[in-house]
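Chain by chain, the residues run as shown.
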Amino acid sequence: SMATLDALVSELLEKEITTKPAAKEYLEQRTQKAELVFQVAKKLGVRVQNPRVYIEEYADKWLERGFEPESLIKIAAFCFKLGYDFQGMDGIVSSMYEQGLVDENHQDRDDKEYENVIDNTSNQVSAFAHSSSPHFLKNRRPPGKRGGPPEKLDFTRVHVCITR
């Protein structure tokens, strides 16, 4: 429709894209990011109608930090088990990024240093999970027979999935 075409042209102009090759590349990247958002949302158990907001808020940042789409999908599956949505997953991805758990380059570290990074990240996320902040309460899985979040999150299993 004309409204869709107008919105697309406005988006391209907003991004200062004025050539056909640049527009083609941008649209391909946008399609890939939208597919990533839909896959992450599916793993999180969240319904997304318009991926643009999620791309701008989360996917762009995660990809710029060096996370691979496959890794993000595996992290989303892990976050689903904790009852997190995009905002909760962003907290975990940010913690992993701050600890240097982005790609396979961690293998250059010695085992003890790597274990310390994993423990620090697990402790930070666990502290976040046990806080009474509205952010956590909003993203928290409801207590069941086993209660709320685990005492300590095991990033070793998540990281193994990411690097394989």
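In this text, all values refer to a predicted model and were calculated from it rather than measured experimentally.

About the thresholds
As a convention, each chain's residues are numbered from 1 in the sequence order in which they are written. Owing to the predicted nature of the model, reporting of local features is limited to residues with pLDDT of at least 70; listing and counting of side-chain atom pairs is limited to 80 or more, with chain, interface and lining totals taken over all residues. The side-chain numbers reported here are obtained from all heavy atoms of the structure, hydrogens and water having been left aside. The helix and strand labels rest on DSSP assignments: H or I over at least four residues marks a helix, E over at least two residues marks a strand, and numbering proceeds from the N terminus. Working definition: with a 1.4 Å probe on protein chains only, accessible area under 20% of the residue-type maximum means buried, over 50% means exposed, and in between means partly exposed. We call two residues contacting when some pair of their heavy atoms lies within 4.5 Å. Residue-level accessible areas treat just the shown protein chains as cover; the underlying method is Shrake-Rupley with a 1.4 Å probe. Counted as salt bridges are all cases of a side-chain nitrogen of Lys or Arg within 4 Å of a carboxyl oxygen of Asp or Glu. We call a set of buried Ala, Val, Leu, Ile, Met, Phe, Trp, Tyr and Cys residues a nonpolar core when their side-chain atoms join them within 4.5 Å. For a helix, the expected span equals 1.5 Å multiplied by the residue count minus one. In this scheme, patches are assembled from residues that exceed 30% relative accessible area and form no salt bridge. Like charges are connected within 9 Å, while nonpolar side chains (Val, Leu, Ile, Met, Phe, Trp, Tyr) are connected within 5 Å. Here an angle of 0 to 180 degrees is reported between the N-to-C directions of two axes, which are lines fitted to C-alpha atoms, with helices fitted over the stretch in contact. If an angle is under 35 degrees, it is roughly parallel; if it is over 145, roughly antiparallel; if it lies from 65 to 115, roughly perpendicular; otherwise it is oblique. By definition, any crossing whose near helix is turned counterclockwise from its far helix by less than a right angle is left-handed, and any crossing with a clockwise turn is right-handed. Two N or O atoms count as a polar contact when they lie within 3.5 Å, although within protein this holds only if one can serve as hydrogen donor and the other as acceptor, and sequence-adjacent residues are included solely when both atoms are side-chain atoms.

Draft legend 1. Layout of the overall build of the chain. Within the chain, the secondary structure is distributed over 8 helices and 0 strands. Ordered by position from N to C terminus, the α and β elements of the chain give α-α-α-α-α-α-α-α. Taking all 164 residues of the chain together, the buried fraction comes to 36%. Considering only contacts within the chain whose residues lie at least 6 apart along the sequence, 63% involve residues at least 24 apart. Accessible area for the chain stands at about 10300 Å²; split by element, carbon and sulfur atoms hold 50% of it.

Draft legend 2. View of the pattern of salt bridges. As enumerated under the stated definition, the model contains 5 salt bridges in all. Between Arg 52 and Glu 14 there is a salt bridge, and its shortest N-O distance comes to 3.5 Å. One end of the pair, Arg 52, is in helix H3 (residues 51-64); the other, Glu 14, is in helix H1 (residues 2-14), with 38 residues separating them in the sequence. Of the charged contacts in the structure, one is a salt bridge between Asp 90 and Lys 61, with a shortest N-O distance of 2.9 Å.

Draft legend 3. Focus on the nonpolar core. Counting 27 residues, the largest nonpolar core has Val 40, Leu 72, Ile 75, Phe 86, Met 89 and Ile 92 as its most contacted members. Looking at this core, the elements with two or more residues in it are helix H2 (20-44), H3, helix H4 (69-82) and helix H5 (86-98). No other element matches H4, which puts 7 residues into this core.

Draft legend 4. Fine view of H4. Counted at 1.5 Å a residue, the expected span for H4 with its 14 residues is 20 Å, and the 20 Å between its end C-alpha atoms agrees. At the exit of H4 stands Gly 83, carrying a positive phi of roughly 80°.

Draft legend 5. Up close: a nonpolar patch on the surface. On the surface, a cluster of nonpolar side chains totalling about 420 Å² of accessible area is made up of Met 2, Leu 5, Val 9 and Leu 13. Tracing the backbone through its elements, the reader meets Leu 13 in helix H1.

Draft legend 6. Here's a closer look at the environment of Ala 59. Relative to the assigned elements, Ala 59 resides in helix H3. Between the alpha carbons of Ala 59 and Lys 33 there is a distance of 6.8 Å; along the sequence they are 26 residues apart.

Draft legend 7. Highlighting the packing of H4 against H5. Direction vectors running N to C along H4 and H5 enclose 125°, while the axes themselves pass 10 Å from each other. Considering the angle they form, H4 stands oblique to H5. Relative to H5, the crossing made by H4 is right-handed. In contact with Leu 72, Ile 75, Ala 76, Phe 78, Cys 79 and Leu 82 of H4, H5 contributes Met 89, Ile 92, Val 93 and Met 96.

Draft legend 8. How the structure looks around H5. With 13 residues, H5 extends 18 Å from end C-alpha to end C-alpha; this agrees with the ideal 18 Å at 1.5 Å per step. All of the buried residues along H5 are Phe 86, Gly 88, Met 89, Asp 90, Ile 92, Val 93, Ser 94, Ser 95 and Met 96. For H5, the N-terminal cap is Asp 85; the gap from its side-chain oxygen to the backbone nitrogen of Gln 87 is 3.1 Å.

Draft legend 9. Broad picture of the environment of Tyr 58. In this structure, Tyr 58 sits in helix H3. Note: C-alpha distance between Tyr 58 and Gln 87 (29 residues apart in sequence) is 8.4 Å. Apart from residues lying up to four places away in sequence, Tyr 58 is in contact with Phe 86, Gln 87 and Asp 90.

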